[in-house]
Amino acid sequence: WAKRHLKRSGFDRIERAIREAERTTRGEIVPMIVERSATVGHVPVLLAAILLLLYFALGVPDLLIPYLGDNPLWSAISALFVVAVSWWMARFPWIQRALISRDDRIHQTELRAEVAFYEAGLDKTEGETGILLFVSLMEHRAVVLADKAIARALPPETWDEVVNTLIKGIKSADLSQGFEDAIRQCGELLAAHFPAGETNPNELFDHLIIKD
């Protein structure tokens, strides 16, 4: 699924952006993309209920009688067809966004970003200078999480522009450019507070992490 949003050249560009940014800072920048954060198991059921309600409220079974006859079996089959269509439609991200509340999308994305921060080992850098650029595609949400040393030096609102850059990349269908710009912004911010010293070990991999 990631290939629908990132070409091979995009992966290479992101890796180059990380290496260039980390040459100027002790910070460790890790970009990550996931297909979704919120649970979507309820979406097919909810969509089926909505479509069936419309199906009967609009009197569709009666409209089909001239074509299918008044046999109740045809009504049941047509209703099952509506259910099947709803199950098929429920796989589309825009349908999922519409049927998941905004608060739930925000909460689930932030929660998954926190888990991803620790799974990626960003809490284990020597100088506590790891930073996660997290994008959840279905929700059209982005989260920037910084480790303790960065959080002490820079207030949370510092990352608002970086988040907006990532979201702009999602909505413009040029996600690799969004990551590149966000990584460059992070590099500039970190270089001012955590410049590279005589030794600047690379503690984490310089590539985009992809998870379902």
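Data block above holds the structure.
Reference entry: report on the structure contained in this document. From a predicted model like this one, the values you see are computed outputs, not experimental measurements.

### Digging into the environment of L6
Next, step 1: If you trace the backbone, L6 turns up in the segment before α1 (8-22).
Next, step 2: Look at L6 and you get buried, because its relative accessible area is 2%.
Next, step 3: It is 24 Å that separates the C-alpha atoms of L6 and I106, two residues lying 100 residues apart in sequence.
Next, step 4: For L6, the contacting residues outside a window of four places in its chain are F11, I14, L175, S176 and L208.

### So, the sheet that holds strand β4 (residues 209-211)
Next, step 1: Taken together, the 4 strands give an open sheet; going across it, the order is β3-β2-β1-β4, and neighbouring strands pair in mixed fashion. Single-partner strands in this sheet number two, and they are β3 (141-146) and β4. Each strand of the sheet is rotated relative to its neighbour by a mean of 20 degrees, with strand direction disregarded.
Next, step 2: Relative to β4, strand β1 (residues 28-34) runs parallel, the two being bridged by 3 bridges. If you follow V34 over to β4, its bridge partner there is K211.
Next, step 3: Helix α8 (residues 160-171) rests against β2 (130-136) and β3 of the sheet, and its axis sits at about 145 degrees to β3.

### Some words on the layout of surface pockets
Next, step 1: Taken as a whole, the largest pocket encloses approximately 350 Å³ of empty space.
Next, step 2: By residue number, the principal contributor to the lining of the largest pocket is helix α5 (residues 93-98), which donates 3 residues.
Next, step 3: A breakdown of the residues in the lining of the largest pocket according to their chemical character gives 7 nonpolar, 3 polar and 5 charged.

Cut-off values and rules
Residues numbered from 1 in each chain as written. Predicted model: local features only at pLDDT ≥ 70, side-chain atom pairs only at ≥ 80, totals over all residues. Heavy atoms only, no water. Helix = DSSP H or I, 4+ residues; strand = E, 2+ residues; numbered from the N terminus. Buried < 20%, exposed > 50% of the residue type's maximum accessible area, 1.4 Å probe, protein only. Contact = heavy atoms within 4.5 Å. Pairing = 2+ DSSP bridges. Axes fitted to C-alpha atoms, helices over the stretch in contact; angles between N-to-C directions. 1 Å grid on protein atoms, 1.4 Å probe; cavity = no way out; pocket = protein on both sides within 12 Å on 5 of 7 lines; lining within 4 Å. Points joined across faces, edges and corners; volume = space filled by probe spheres on them. Nonpolar A, V, L, I, M, F, W, Y, C, P; charged D, E, K, R; others polar.

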